[in-house]
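Notes for the structure review
Read off the chains here:
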Amino acid sequence: MDFAAYPLSLIFFASIVGILTASEIGRRFGLLNSRRSRQNISTLEGSILGLLALMIGFTFAMALSGFEQRRGAVLNEANAISTTASRARLLPAPHSTECIKLLREYVQVRLEITRRVLPPKENAAAISRSRAIQEALWQQAKAVAVKNNAMVPTGLFIQALNEMFDRHEARHAVFLNRVPNTVLTALYGLAIVASAFAGYAAGLDAQRSRLPIYTMGALVSIVIFLIQDIDRPGPGLITVSQQPMLDAAASIAEFAD
C-alpha cells in the first residue's frame, strides 16, 4: 500500500475509525470473557502498548530526519542558484542576459514543485523542465568557454553551475526519501492490535469506562497523522519553509538585464 497516494485527511479518518473499531471489538470480546482473570491480559496489554510507543518513537525519528534533510536541501539549493546568478552577471553579453533569464525560470520551476502537490505526470514534467534549463545553461557556459576559458569569470561560473546541478539532484533524492510504507503498515497494524487488547482488558471489567481506550485510540491516530504530515514534502500542517528559494527568486528578479 502506497500511503503517499492518498490524502492525509482520508488516511486520518480511516485510521481513527479502524483503531476505535478495534477497541470496541476487543471490549465486546472482553465482556464475553469477563469471568476470566485479568492478570495475564494486563501484562500483555502493557507490553503491546510499550512496543507501540517504541514503534511510534522510531517512526517519528525517521520522519523528522527526512524533514531536516529537506529543509537543509532547500537552503543549499537556493544558495547555489543565487551564487550561479551572481556569477552569470560577470559573463559577457549576450550570454549573461540569457543565463539570468534561464535562472529566473529555473527558480520558479523549483518553487512550483513544492508549492502544491503535483500529480505524477506534472511532477515529472517539472523535473524534466528543470533539467532542460540546466542543459541550456550548460550550452551557454560552453559557448562562453570557447570565447574565453579564463578562470575569471568563466571558470567561476562553470564551478557554480556544477554546484547548482549537484544541489538539484541532492534535493530531488531527499524529496523521494520517506518513511517506508512497510514501516507505516506495521505501525498501523500494531496500533490496531494494541487498541484491541486495551479494549479487551477494559471489557473484562464491566464497570470500566470506554473513555480511556477511545481517548488513547484518538491520540494514537493523531500522532500517526502528524508523523505522515512531517514525512510528506508537499503542503500540509507542517511544511518546510521555502523562504530561502523565495528570497533567491526575488533577488534574481531584481537583476538588470
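First things first, this report covers the structure right here in the doc.

Along the backbone of the protein there are eight helices and zero strands. Going from N to C terminus, the protein has its helices and strands arranged as α-α-α-α-α-α-α-α. If you line up the protein on its principal axes, its C-alpha atoms span 90 × 25 × 25 Å. In the protein, buried positions account for 42% of the 257 residues. Expressed as a percentage of contacts within the protein between residues at least 6 apart in sequence, the contacts between residues at least 24 apart total 84%. Within the protein, one finds 25 positive and 19 negative side-chain charges whose respective centroids are separated by 6 Å.

A few words now on the packing of helix 1 (residues 8–32) against helix 7 (residues 211–231). At a closest axis distance of 9 Å, the pairing of helix 1 and helix 7 adopts a crossing angle of 155°. Judged by the inter-axis angle, helix 1 sits roughly antiparallel to helix 7. Considering how the two elements wind past one another, helix 1 and helix 7 form a crossing that is right-handed. Facing Leu 8, Ile 11, Phe 12, Ser 15, Ile 16, Ile 19, Leu 20, Ser 23, Glu 24 and Arg 27 of helix 1, the residues of helix 7 in contact are Ile 213, Tyr 214, Gly 217, Ala 218, Val 220, Ser 221, Ile 222, Phe 225, Gln 228 and Asp 229. Among the residues making up the contact of helix 1 with helix 7, the classes are represented as twelve nonpolar, five polar and three charged.

With that settled, the discussion passes to the packing of aromatic side chains. Evaluated as defined, the whole model comprises three aromatic pairs. Centre to centre, the rings of Phe 3 and Tyr 188 are 5.5 Å apart; their planes meet at 25°, and the pair counts as stacked. Here Phe 3 is found in the segment before helix 1, whereas its partner Tyr 188 is found in helix 6 (residues 181–204), with 185 residues between them in sequence. For the pair formed by Phe 3 and Tyr 188, the shared burial category is buried. Note on Trp 138 and Phe 165: the rings are 6.4 Å apart at their centroids and 55° apart in plane angle, and the pair reads as tilted.

Taken as a whole and assessed by the stated rule, the structure comprises seven salt bridges. For the salt bridge of Arg 131 with Glu 169, the shortest nitrogen-to-oxygen distance reads 3.2 Å. Linking Arg 131 in helix 4 (residues 120–147) with Glu 169 in helix 5 (residues 151–176), this pair joins segments that are 38 residues apart in sequence. Look at Glu 169 and you get partly exposed, because its relative accessible area is 35%.

Further remarks concern the side chain of Asp 231. Relative to the helices and strands, Asp 231 is located in helix 7. Despite its burial, Asp 231 pairs with no opposite charge, the nearest such side chain being Arg 70 at 4.8 Å. Setting aside anything within four residues of it in sequence, one finds Asp 231 in contact with Ala 63, Arg 70, Arg 178 and Val 179.

Residues Ile 81, Leu 137, Phe 157, Leu 161 and Met 164 are the most contacted members of the largest nonpolar core, which totals 31 residues. Among the secondary structure elements, those contributing two or more residues to this core are helix 2 (39–88), helix 3 (95–115), helix 4, helix 5 and helix 8 (243–253). For this core, the element with the most residues is helix 3, which contributes nine residues. Residues Ala 63, Val 74, Met 216 and Val 220 belong to the second largest nonpolar core, which totals 27 residues.

Right, let's get into a nonpolar patch on the surface. On the surface, Leu 219, Ile 222, Leu 226 and Leu 237 cluster together into a nonpolar patch covering about 370 Å² of accessible area. Position of Leu 226 relative to the elements: it lies in helix 7.

In this section: helix 1. With 25 residues, helix 1 ought to run about 36 Å at 1.5 Å a step, and its terminal C-alpha atoms sit 36 Å apart, in line with that. All of the buried residues in helix 1 are Leu 8, Ile 11, Ser 15, Ile 16, Ile 19, Ala 22, Ser 23, Glu 24, Gly 26, Arg 27 and Gly 30. Summarising the contacts, the buried residues of helix 1 are in contact with helix 6 and helix 7.

All right, on to the environment of Tyr 106 then. As for its placement among the helices and strands, Tyr 106 is situated in helix 3. Between the C-alpha atoms of Tyr 106 and Asn 123, which are 17 residues apart in sequence, the distance is 14 Å. Filtering out sequence-adjacent residues up to four positions away, Tyr 106 remains in contact with Glu 77, Ile 81, Ser 130, Ile 133, Gln 134, Met 164 and His 168. A polar side-chain atom of Tyr 106 sits 3.0 Å from a polar atom in the side chain of Gln 134.

How each quantity is defined
- Here the residue numbers are simple positions, counted from 1 along each chain's written sequence.
- Only residues with pLDDT of at least 70 are given local features in this predicted model, and only at 80 or more are side-chain atom pairs given and counted; all residues enter the totals for whole chains, interfaces and linings.
- The basis for every side-chain value is the complete set of heavy atoms in the structure, and neither hydrogens nor water enter the calculation.
- A run of DSSP states H or I qualifies as a helix once it reaches four residues; a run of E qualifies as a strand once it reaches two. Both are numbered from the N-terminal end.
- Here's how the labels work: a residue is buried when its accessible area is under 20% of the maximum for its type, exposed when over 50%, partly exposed in between, all with a 1.4 Å probe on protein chains only.
- Throughout, a residue-residue contact means that at least one pair of heavy atoms, one from each residue, lies within 4.5 Å.
- Only four residue types enter the charge count: Lys and Arg as positive, Asp and Glu as negative, with His and the chain ends excluded.
- Throughout, a charge is located at the NZ atom of Lys, the CZ atom of Arg, the CG atom of Asp or the CD atom of Glu.
- Note on geometry: axes are lines fitted to C-alpha atoms, helical ones only across the stretch in contact, with angles between N-to-C directions running from 0 to 180 degrees.
- Oblique is the label for every angle not falling under 35 degrees (roughly parallel), over 145 degrees (roughly antiparallel), or within 65 to 115 degrees (roughly perpendicular).
- Should the near helix be turned anticlockwise from the far one by less than a right angle, the crossing is termed left-handed; should it be turned clockwise, right-handed.
- Each residue is assigned to one of three groups, with Ala, Val, Leu, Ile, Met, Phe, Trp, Tyr, Cys and Pro labelled nonpolar, Asp, Glu, Lys and Arg labelled charged, and all others, Gly among them, labelled polar.
- Stacked, tilted and edge-to-face pairs are distinguished by plane angle, under 30 degrees for stacked and over 60 for edge-to-face with tilted covering the rest, among Phe, Tyr and Trp rings (Trp via its six-membered ring) whose centres lie within 6.5 Å.
- In the sections that follow, a salt bridge refers to a side-chain nitrogen of Lys or Arg positioned within 4 Å of a carboxyl oxygen of Asp or Glu.
- What makes a nonpolar core is a set of buried Ala, Val, Leu, Ile, Met, Phe, Trp, Tyr and Cys residues whose side-chain atoms join them at distances within 4.5 Å.
- Residues enter patches when they are more than 30% accessible in relative terms and free of salt bridges; like-charged ones are connected within 9 Å and nonpolar ones (Val, Leu, Ile, Met, Phe, Trp, Tyr) within 5 Å.
- Residue burial considers only the protein chains on display, and all accessible areas are found by Shrake-Rupley using a 1.4 Å probe.
- A helix is expected to reach a length of 1.5 Å times the quantity of its residues less one.
- Under this definition, polar contacts are N or O atom pairs within 3.5 Å; protein pairs additionally need one hydrogen-donor-capable and one acceptor-capable atom, and for neighbouring residues in sequence, both atoms have to be side-chain atoms.

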